[in-house]
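Reading the structure
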Protein chains: 2
Amino acid sequence: MSSGGAAARHNRGMSQHAESAAPGLRERKKIRTRATIRVEAMRLFRENGYSSTTVEQIAEAAEVSPSTFFRYYPTKEALVLTDDLDPLVVRALANAPTGVSALTAVRMAFVDALAGLDERALLLERERQALVASEPDLRSAMLDDFRRNLELIADAMAVRTGRAADSFEVRVFAGAVIGAVQGSVDMTSNIADQVTAALEYLEQGLPL
Amino acid sequence: MSSGGAAARHNRGMSQHAESAAPGLRERKKIRTRATIRVEAMRLFRENGYSSTTVEQIAEAAEVSPSTFFRYYPTKEALVLTDDLDPLVVRALANAPTGVSALTAVRMAFVDALAGLDERALLLERERQALVASEPDLRSAMLDDFRRNLELIADAMAVRTGRAADSFEVRVFAGAVIGAVQGSVDMTSNIADQVTAALEYLEQGLPL
DNA sequence: TCCAAATTGGTAGTTACTGTCAGTTGACGC
DNA sequence: GCGTCAACTGACAGTAACTACCAATTTGGA
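This write-up is about the structure you can find in this document. (Residues numbered from 1 in each chain as written. Chains lettered and ligands numbered in written order. Predicted model: local features only at pLDDT ≥ 70, side-chain atom pairs only at ≥ 80, totals over all residues. Heavy atoms only, no water.)

**Regarding the protein's contact with DNA strand C**
This is how the line gets drawn: Being near a molecule or strand, for a residue, means having at least one of its heavy atoms within 4 Å of it. Counted as a polar contact is a pair of N or O atoms within 3.5 Å, where, for protein atoms, one must be capable of donating a hydrogen and the other of accepting one, and residues adjacent in sequence contribute only when both atoms are in side chains. Per the convention used, a helix needs a DSSP run of H or I reaching at least four residues, while a strand needs a run of E reaching at least two, with both numbered from the N terminus.
Around DNA strand C, 21 residues are found, and the nearest of them are Lys 76 of chain A together with Ser 67, Thr 68, Arg 71 and Tyr 72 of chain B. A share of 60% of the atoms of DNA strand C within 4 Å of the protein falls on sugar and phosphate groups. Between a base nitrogen of DNA strand C and a side-chain N or O atom of Ser 67 of chain B, the distance comes to 2.8 Å. For the surface near DNA strand C, the secondary structure elements donating two or more residues are helix 1 (24-48) and helix 3 (66-72) of chain A together with helix 1 (24-48) and helix 3 (66-72) of chain B.

Structure, rendered in structure tokens:
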């Protein structure tokens, strides 16, 4: 997340009929480098495991210097944590209808976002999840990522209901949603179904 | 966590009329060292911030070598993440009456556990939470702790309701509870009141 | 008092990550 | 084409959190 993508949108001059298709040679090279690093890293992780693969090895495999590696990815973890899903959820939430309950809106946003992923993205998502599941270091990092994104959701909910972002209800709401989703997701089956079920259960007041 | 406390309960021989009061000079010294390290570390964190305090500085302040530091705490993070509250909650939960709803039982357990803490412990808990909230590094580490606690609560609730510990409902329940509690606590007022309110709100299905 | 075991400190090494600085390369006006 | 500028890159040095290992000290028990 963060830096990489959106910040580099300053192509000045030129580009008469090129909108987003011809970002210039430099941009393209950057994108390719970024992708190469990621692909090589994933391969090495698969072959040797996450923690026993060093940044130096990744850099070498991708044919860049270690310095350059860190210019593309702020941390080793970021390689695995780059997440295309959560921003989609946040955006979907902004567009959710106003007539439904808060939890329903969140549920719809999740489902929308997941539906928006194509097959390749879903596959990548699976591999990512498997990797994360296997390495403890990565798990906590991912949960942190998750948390950050759900803070965004909390903000969205605050806006939606006209409350302060740090109001008691919004905080508890966000916390409970985070927790419920975390508790619900295991890697064995469909993510969307699990999230949906968890949020419905939450809306019923968690009867046991 | 792990090693330090419970594992070192092997005083062999002797101790005719000493039960848990006289753990031997060696044990006592270890406990004191452990406490000193923690106290000094907290002080340094308060004064200079978490990330700009090095393990070396902590070790020096506590008058031990860096090697020794790592024998008492496996990581720097562990200094902050050691949590005295959750085990109490879990124990209280085991003793909760069976006639009430699951969430009510949890609520009662929290209140019980919090009542069992003395003032100094509460203060430490506050400081800990503030520190964790302020440092991003710590937040992700805390989520590991979160996961552990999720499993503890899930186990207790599973026993209570006669379900499998990894059943979907139990896991979502535990996640939501912990998430809600964490979201609810800020430094400004009584923890017990906040937790109670959060769990009641949760039981109503989080209307916003 | 003496021995064995536990505890400790020191030293060397690995790895993720940061800062800097000079060399290169692509972009753009001419 | 061509020079200039900014961005990109790689090499280097350095920091800090650990880890492994061994020698010295301290402690508990006989």
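**A few points about empty space enclosed by the protein**
Residues and elements named next belong to chain B. Threshold: A cavity, in this analysis, means grid points on a 1 Å lattice covering only the protein atoms where a 1.4 Å probe fits yet has no way out; a pocket is instead an open set bounded by protein on both sides within 12 Å along at least five of seven lines, and a residue lines either one if it has an atom within 4 Å of a point. Grid points are joined across faces, edges and corners, and a volume is the space filled by probe spheres set on the points.
Following the criterion strictly, the structure yields three cavities of 30 Å³ or more and no others. Surrounding the largest cavity, 19 residues form its lining, Asp 83, Asp 86, Gln 129, Val 181 and Gln 182 being those nearest its centre. At the level of elements, helix 5 (85-94), helix 6 (102-115), helix 7 (119-134), helix 8 (136-161), helix 9 (168-184) and helix 10 (191-203) are the ones that each hand at least two residues to the lining of the largest cavity. For the lining of the largest cavity, the element with the highest residue contribution is helix 8, accounting for five residues.

**What about the relation of the copies chain A and chain B?**
Heads up, the rule is: When the copies are overlaid, the least-squares fit takes in C-alpha atoms only where the residue has pLDDT of at least 70 in both copies.
Placing chain A over chain B gives an RMSD of 1.2 Å and needs a rotation angle of 178°, together with 1.3 Å of translation along the axis. The relationship between the two copies is best expressed as a two-fold rotation axis.

**A look at helix 1 of chain B**
All names here are of chain B. Operational definition: Multiplying one less than the number of residues by 1.5 Å gives the expected span of a helix. Only protein chains enter the accessibility calculation, which uses a 1.4 Å probe; a residue whose area is less than 20% of its type maximum is buried, one above 50% is exposed, and one in between is partly exposed. A contact between two residues is defined here by any heavy atoms of the two lying within 4.5 Å.
Its 25 residues give helix 1 an end-to-end C-alpha distance of 36 Å, which sits within 8% of 36 Å, the value for a rise of 1.5 Å per residue. Among the residues of helix 1, Glu 27, Thr 33, Ile 37, Arg 38, Glu 40, Ala 41, Met 42, Leu 44 and Phe 45 are the ones counted as buried. Residues of helix 1 that are buried make contact with helix 2 (55-61), helix 3, helix 4 (76-81) and helix 7. Directly after helix 1, the chain includes Gly 49, whose backbone phi takes a positive value near 90°.

**Thoughts on the interface of chain A and chain B**
Keep this limit in mind: When two parts are put together, the accessible area they lose, computed with a 1.4 Å probe and summed over both, is reported as buried area. Any carboxyl oxygen of Asp or Glu that lies within 4 Å of a side-chain nitrogen of Lys or Arg is treated as forming a salt bridge with it. Charged means Asp, Glu, Lys or Arg here, nonpolar means Ala, Val, Leu, Ile, Met, Phe, Trp, Tyr, Cys or Pro, and polar covers whatever is left, Gly included.
On the side of chain B, 35 residues touch chain A, which itself brings 31 residues to the contact. Around 2900 Å² of area is buried between chain A and chain B when both sides are counted, 71% of it from carbon and sulfur atoms. Summed over the shared surface of chain A and chain B, the number is zero salt bridges. Between chain A and chain B we count three residue pairs in polar contact (both at pLDDT 80 or more) in total. Taken together, the elements giving at least two residues each to the side of chain A that touches chain B come down to helix 6 (102-115), helix 8 (136-161), helix 9 (168-184) and helix 10 (191-203) of chain A. Looking at the side of chain A that touches chain B, the element that brings in the most residues is helix 9 of chain A, giving 12 residues. Considering only residue class, the side of chain A that touches chain B consists of 15 nonpolar, nine polar and seven charged.

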